[in-house]
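Chains, contacts and geometry: an overview
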Amino acid sequence: MSGIRGKNTEPELIVRSFLHRAGLRFRLHAKVPGKPDLVLPKYRTVVFVHGCFWHRHEGCRYATVPANNAAFWKEKFANNIGRDAKVKGQLEKVGWRVLIAWSCQLSKRELAGLAATIGCSRTLRLCR
Ligand SMILES: [Zn+2]
């Protein structure tokens, strides 16, 4: 069900509320290629909140391969990876910076790093 990305899933809410508190303003599911979870026009940046299993977080312990139907999963995962890469390319081509928030990396410290990467964080005193 990878193609049908759930809206308002919990990891997405965590990222959203952190960035909001960090003083970053974003739009949700804006109409840009790939329908990123968060769009920050001011920073020309989009953020995808990716589940490690479906989007194959490299080297992640959550990116497991089910024992049954190995061929089915292999194809499914290859499709997901291909789709993600294609969307990233489409976005970058028109000048968007693409950031990924992996669902296993949502600690305060990791999110602060994401906010800093985006360019501004009140908690890190990076805002004007
Ligand atoms: Zn992960």
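None of these values were measured; they are calculated from a predicted model.

Comments concerning the overall build of the protein
For the protein, the count of helices and strands is four helices and four strands. Helices and strands in the protein line up, N terminus first, as α-β-β-β-α-α-β-α. Counting the 128 residues in the protein, one finds 38% classified as buried. Long-range pairs, those at least 24 residues apart, make up 55% of the contacts in the protein with a sequence separation of at least 6. As displayed, the protein has an accessible area near 7900 Å², and 56% of this comes from carbon and sulfur atoms.

Side note on helix α4 (residues 108–118)
Note that an α-helix has 3.6 residues per turn; residues three or four places apart therefore point the same way. Within α4, burial applies to Leu111, Ala112, Leu114, Ala115 and Ile118. Here the buried residues of α4 occupy an arc of 155° about the axis, which is enough to place them on one side. For α4, the secondary structure elements touched by its buried residues are α1 (10–21), β2 (38–40), β3 (45–50) and β4 (97–102). One or two residues past the end of α4 sits glycine 119, with phi positive at roughly 135°.

Here's the deal with the sheet that holds β4
Read across the open sheet, the four strands follow the order β1-β2-β3-β4; overall the sheet is mixed. Because the sheet does not close on itself, it has two edges, and the strands there are β1 (27–28) and β4. Judged from the two bridges that link them, β1 and β2 form a sheet pairing that is antiparallel. Each residue of the ladder has a partner; that of arginine 27, found in β2, is valine 39. Of the strands in this sheet, β2, β3 and β4 touch α4, which is tilted by about 175° from β4.

The rules behind each value
Residues numbered from 1 in each chain as written. Predicted model: local features only at pLDDT ≥ 70, side-chain atom pairs only at ≥ 80, totals over all residues. Heavy atoms only, no water. Helix = DSSP H or I, 4+ residues; strand = E, 2+ residues; numbered from the N terminus. Buried < 20%, exposed > 50% of the residue type's maximum accessible area, 1.4 Å probe, protein only. Contact = heavy atoms within 4.5 Å. Areas by Shrake-Rupley, 256 points an atom, 1.4 Å probe, with all protein chains shown as cover. Arc of directions from axis to C-beta. Pairing = 2+ DSSP bridges. Axes fitted to C-alpha atoms, helices over the stretch in contact; angles between N-to-C directions.

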